[in-house]
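# Descriptive structure summary
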Amino acid sequence: MEYAEFDAERRRIVRAWGREITDPEQLASVVERLREQAATVPGEADLARATRYLTTLDDLVTEARTPESDSVRRAADVLLRASQPDGTPAERRARAEAGMAEIARIAEAAPTRAERDAALEMNEPLAEIIELIDLDSAAY
């Protein structure tokens, strides 16, 4: 599998979550299939980049499996919107940063520490997206 094919499938999965893919176990299954295919991505740099993106997809699966509370649900909605793969790198980075700020506000208002912590954990995939965008821009 070429990196471009991996990236196209990763984007399709992210777009499909919550629309065509609504079951967390189905999401886990498609991510696992992509992981198997990604092992064949040629080139050390592209394979490393694919592996980093798989980590963000693993985070999405973990969040999908997390029991819902109102705070966690709202934070998950923000994560879904903020992690959309559409747009330029600068637009995706700005969307991820805005999502992190919104999740922090939601977490601050959460009624329990556990809900606050669960909401804040949703910032991790967004931080990873920002890191990947920054690494990709530094590579060029």
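For the structure, check the block above.
Attention in this report is confined to the structure presented alongside it. (Residues numbered from 1 in each chain as written. Predicted model: local features only at pLDDT ≥ 70, side-chain atom pairs only at ≥ 80, totals over all residues. Heavy atoms only, no water.)

This part is about the layout of surface pockets. Put simply, the largest pocket is a space of about 280 Å³. As for the largest pocket, its lining consists of 15 residues, and the residues nearest its centre are Trp17, Glu63, Ala64, Glu68 and Ala76. Sorting the residues of the lining of the largest pocket by element identifies helix H3 (44-65) and helix H4 (70-82) as the ones contributing at least two each. Sort the elements by how many residues they give to the lining of the largest pocket and H4 lands first, with six residues. A class-by-class count of the residues in the lining of the largest pocket yields eight nonpolar, three polar and four charged. (1 Å grid on protein atoms, 1.4 Å probe; cavity = no way out; pocket = protein on both sides within 12 Å on 5 of 7 lines; lining within 4 Å. Points joined across faces, edges and corners; volume = space filled by probe spheres on them. Helix = DSSP H or I, 4+ residues; strand = E, 2+ residues; numbered from the N terminus. Nonpolar A, V, L, I, M, F, W, Y, C, P; charged D, E, K, R; others polar.)

Turning to its location among the elements, proline 42 is positioned in the loop between helix H2 (24-38) and H3. What makes proline 42 partly exposed here is its relative accessible area of 39%. Each C-alpha atom of the pair proline 42 and alanine 107 lies 40 Å from the other, and the pair is 65 residues apart in sequence. Every residue in contact with proline 42, bar those within four places of it in the chain, is listed here: Met1 and Glu2. (Buried < 20%, exposed > 50% of the residue type's maximum accessible area, 1.4 Å probe, protein only. Contact = heavy atoms within 4.5 Å.)

Here we come to the side chain of asparagine 123. Looking at the element boundaries, asparagine 123 is found in helix H7 (residues 123-139). In terms of polar contacts, asparagine 123 uses its side chain to reach the backbone carbonyl oxygen of methionine 100, at 3.5 Å. (Polar contact = N/O pair within 3.5 Å; in protein donor to acceptor, adjacent residues only side chain to side chain.)

Next up on the list: the packing of aromatic side chains. With the rule as written, the count across this model stands at one aromatic pair. Ring centres of tyrosine 3 and phenylalanine 6 lie 5.8 Å apart, and the angle between their planes is 35°; this geometry places the pair in the tilted category. A residue pair is termed a helical-turn pair when its members lie 3 or 4 positions apart in one helix, as tyrosine 3 and phenylalanine 6 do in helix H1 (residues 3-16) at three residues. Take tyrosine 3: its relative accessible area is 10%, and that puts it in the buried class. Relative accessible area serves as the criterion here: at 0%, phenylalanine 6 is assigned to the buried category. Over the ring of tyrosine 53 we find arginine 10, and its NZ or CZ is 3.8 Å from the ring centre. (Phe/Tyr/Trp six-rings, centres within 6.5 Å; stacked < 30°, edge-to-face > 60°. Lys NZ or Arg CZ within 6 Å of the ring centre and 35° of its normal.)

Along its 13 residues, H4 runs 18 Å from first to last C-alpha, staying within 8% of the 18 Å computed at 1.5 Å per residue. All of the buried residues along H4 are Ser71, Val72, Ala75, Val78, Leu79 and Ala82. Looking straight down H4, one finds its buried side chains confined to an arc of 120°; they lie on one side. (Expected span 1.5 Å × (residues − 1). Arc of directions from axis to C-beta.)

Turning to the side chain of glutamate 128, a few remarks are in order. Examined against the element boundaries, glutamate 128 turns out to sit in helix H7. Buried charge without a partner: glutamate 128 forms no salt bridge, and the closest opposite charge is arginine 52, 9.2 Å away. Those residues within four positions of glutamate 128 in sequence are excluded, and the remaining contacts are Thr55, Thr56 and Asp59. (Lys, Arg positive; Asp, Glu negative; His and termini not counted. Salt bridge = Lys/Arg side-chain N within 4 Å of Asp/Glu carboxyl O.)

All right, on to the pattern of salt bridges then. When charged atoms on two side chains of opposite charge get close, those side chains can pair. Taken as a whole, this structure holds 16 salt bridges when the rule is applied. Across the pair aspartate 7 and arginine 11 runs a salt bridge, and its minimum N-O distance is 3.0 Å. Of this pair, aspartate 7 and arginine 11 are both found in helix H1, four residues apart, which corresponds to roughly one turn of the helix. Residue classification places aspartate 7 among the buried positions, given a relative accessible area of 14%.

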